[in-house]
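The primary structure of each chain is shown beneath.
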Amino acid sequence: MLFNSYIFIFLFLPASIIGFYGINFFRMYRIANLFLIGMSLWFYGYFHPSYVGIICASIAVNFLIAKKMDRGRAAQKLWIKRLLLTAGICMNIAVIFYFKYYDFFIENMNSLFHKSFEMKHIMLPLGISFFTFQQISYLADAYRGETGDYGFDEYALFVSFFPQLVAGPIVLHSEVIPQFRRQENRHIIVQNFAKGFYVFALGLFKKVLIADTFGKAVTFGYENIETLSSMEALLVSVSYTFQLYFDFSGYCDMAGGIGYLFNIELPQNFNSPYKAASITEFWERWHMSLTRFLKTYIYIPLGGNRKGKIRTYINIMIVYLVSGIWHGANWTFVFWGVLHGIFSCLNRMFQKTWGKLGKLQDGL
């Protein structure tokens, strides 16, 4: 279900709001959680009901693993917790690999070894990369003993909450579960409600009137790519750049706005990335929650910048390679990740020199 679809705006969203606050009015807080989980699963499985079984199984298994690690805390044998964490991460990565990269892997094996292994043409579940990364972060926090005494309904709501389910932001349990637990958030807060409608409307404007308009030019260009002049090709490239920008910016605004309608403040995920003065700053502004995840759960555990320059550059390349693979099952994404990694290493290498050049706004 799309945020800009009629069924979402005129049926799903009003029903979710009325049902959630209506149930909370009678102080049935757990029932309200279950209602919102049910609505989120309807949202997720609207186009393909088979998706629902995948996310439900993922939620249940990850919750059980996290609870097993959480029990006993300091008394738990460290090797058991490490084994559980490793098994949980491997399971989540295997799920992503099967649905997202299996055919890509088989295609390359066939090409490399001149084989004819059959591809499965597997249907990719919506948002699987997002809710899987989100649960990996939860497992890592459970391993460190940082998760609370959450009930299954709270954990399921944390993973499936529909504003952030399909395309982020990748939220942390410490950001949203405490907000759902606050009783004052169980009732309509006028300021948040007004802010939510305003931000949602702004995002809808960006998506429908700006991104989709540029999208028409992009579609025309790709359908007539062989007959485009140089100027037309340039315009199509620029149009795609702005389509991508306003599409993601609009989505982030709509997701944040919906969150406010339920008195939930989702983390900022987009902050004018085209204003960035370096590739490092760009990733601090574009898909900010993904950047945070990669830094917190991959870059820092690898050693970050604490083990010398060479190791730092290797860690940076690993992070951006993971980012590229995460974005899509195609060699172009792998190349894209490597390219961004190289630029990030160069940015770090010459940071002091480039810092002396100043920025354009400094003179304005």
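Residues numbered from 1 in each chain as written. Predicted model: local features only at pLDDT ≥ 70, side-chain atom pairs only at ≥ 80, totals over all residues. Heavy atoms only, no water.

1. Remarks on the pattern of salt bridges
The final tally for this structure, using the stated rule, is 10 salt bridges. The partner of Asp 153 in a salt bridge is Arg 30, and the shortest N-O contact between them spans 3.3 Å. Of the two residues, Asp 153 is situated in helix 6 (residues 152–160) and Arg 30 in helix 2 (residues 29–44); the sequence distance between them amounts to 123 residues. Classification of Asp 153 by relative accessible area gives buried; the value is 7%. Residues Asp 149 and Arg 181 are paired through a salt bridge, measuring 3.6 Å at the closest nitrogen-oxygen approach. Residue Asp 149 is located in the loop between helix 5 (128–143) and helix 6, and its partner Arg 181 is located in helix 7 (residues 173–181); the two are separated by 32 residues in the primary sequence. Taken together, the shared-partner salt bridges connect Asp 141, Arg 144 and Glu 146 into one network. (Salt bridge = Lys/Arg side-chain N within 4 Å of Asp/Glu carboxyl O. Helix = DSSP H or I, 4+ residues; strand = E, 2+ residues; numbered from the N terminus. Buried < 20%, exposed > 50% of the residue type's maximum accessible area, 1.4 Å probe, protein only.)

2. Topic: unusual backbone geometry
In this chain, Gly 168 is followed by Pro 169 through a cis amide linkage whose omega measures 5 degrees. Mapped onto the secondary structure, Pro 169 falls in the loop between helix 6 and helix 7. The phi torsion at His 121 lies on the positive side, around 50 degrees, for a residue other than glycine. Here His 121 is to be found in the loop between helix 4 (78–113) and helix 5. We classify His 121 as exposed; its relative accessible area is 62%.

3. What about a nonpolar patch on the surface?
A contiguous nonpolar patch, built from Phe 335, Leu 339, Ile 342, Phe 343, Leu 346, Met 349 and Phe 350 and spanning about 630 Å² of accessible area, is present on the exposed surface. Relative to the helices and strands, Ile 342 is located in helix 13 (residues 331–349). (Patch = residues over 30% accessible without salt bridge, like charges linked within 9 Å, V, L, I, M, F, W, Y side chains within 5 Å. Areas by Shrake-Rupley, 256 points an atom, 1.4 Å probe, with all protein chains shown as cover.)

4. Details of the packing of helix 11 (residues 288–299) against helix 12 (residues 309–327)
Running from N to C, helix 11 and helix 12 point in directions that differ by 130 degrees, and their axes come no closer than 11 Å. Taken as axis vectors, helix 11 and helix 12 run oblique relative to one another. In this structure, helix 11 crosses over helix 12, and the sense of that crossing is right-handed. Every residue of helix 12 that contacts helix 11 at Leu 290, Leu 294, Ile 298 and Tyr 299 is listed here: Thr 312, Asn 315, Ile 316, Val 319, Val 322, Ser 323, Trp 326 and His 327. In terms of residue class, the contact of helix 11 with helix 12 is built from eight nonpolar, four polar and no charged. (Axes fitted to C-alpha atoms, helices over the stretch in contact; angles between N-to-C directions. Parallel < 35°, antiparallel > 145°, perpendicular 65-115°, else oblique. Left-handed = near helix turned anticlockwise from the far one by under 90°. Contact = heavy atoms within 4.5 Å. Nonpolar A, V, L, I, M, F, W, Y, C, P; charged D, E, K, R; others polar.)

5. Concerning the side chain of Gln 135
Here Gln 135 shows up in helix 5. On the basis of relative accessible area, Gln 135 is assigned to the buried category, the value being 0%. One polar contact links Gln 135 to Asn 62, side chain to side chain, over a distance of 3.5 Å. Discounting chain neighbours no more than four positions away, the residues touching Gln 135 are Ser 58, Ile 59, Asn 62, Tyr 155 and Val 159. (Polar contact = N/O pair within 3.5 Å; in protein donor to acceptor, adjacent residues only side chain to side chain.)

6. Describing the side chain of Asn 92
Here Asn 92 shows up in helix 4. Residue Asn 92 is classed as buried on the basis of its relative accessible area of 2%.

7. Here's the deal with the nonpolar core
Phe 3, Phe 8, Phe 133, Phe 162 and Phe 262 are the most contacted members of the largest nonpolar core, which has 89 residues in total. Those residues in contact with Phe 133 that lie beyond four places of it in its chain are Ile 96, Ile 170, Leu 290, Phe 293, Leu 294 and Trp 326. (Core = buried A, V, L, I, M, F, W, Y, C linked by side-chain atoms within 4.5 Å.)

8. Remarks on the environment of Gly 337
Within the secondary structure layout, Gly 337 lies in helix 13. Of the residues examined, Gly 337 reaches a relative accessible area of 0% and is grouped as buried. Each C-alpha atom of the pair Gly 337 and Ser 323 lies 6.2 Å from the other, and the pair is 14 residues apart in sequence. Contacts of Gly 337, omitting those with residues within four sequence positions, involve Tyr 320, Leu 321 and Gly 324.

9. Quick look at helix 13
The terminal C-alpha atoms of helix 13, which comprises 19 residues, lie 27 Å apart, in line with the 27 Å expected from a rise of 1.5 Å per residue. Regarding helix 13, the residues found buried are Val 334, Gly 337, His 340, Gly 341, Ser 344, Cys 345 and Asn 347. Projected onto a plane normal to the axis of helix 13, the buried residues spread over an arc of 160 degrees and lie on a single side. In helix 13, the exposed positions angled more than 90 degrees off the buried face are occupied by Trp 331, Thr 332 and Phe 335. The opening residue of helix 13 is Asn 330, an N-cap whose side-chain oxygen sits 2.9 Å from the backbone nitrogen of Thr 332. (Expected span 1.5 Å × (residues − 1). Arc of directions from axis to C-beta.)

10. With respect to the packing of aromatic side chains
Taken as a whole, this structure holds 51 aromatic pairs when the rule is applied. When the centroid spacing of 5.0 Å and the interplanar angle of 85 degrees are considered together, the rings of Phe 12 and Phe 162 count as edge-to-face. Pair noted here: Phe 12 is in helix 1 (residues 6–25) and Phe 162 is in the loop between helix 6 and helix 7, with a separation of 150 residues, a long-range link. Like Phe 12, the residue Phe 162 is buried in the burial classification. Pairing Tyr 44 with Tyr 51 gives two aromatic rings, centres 5.6 Å apart and planes at 50 degrees, and the pair type is tilted. (Phe/Tyr/Trp six-rings, centres within 6.5 Å; stacked < 30°, edge-to-face > 60°.)

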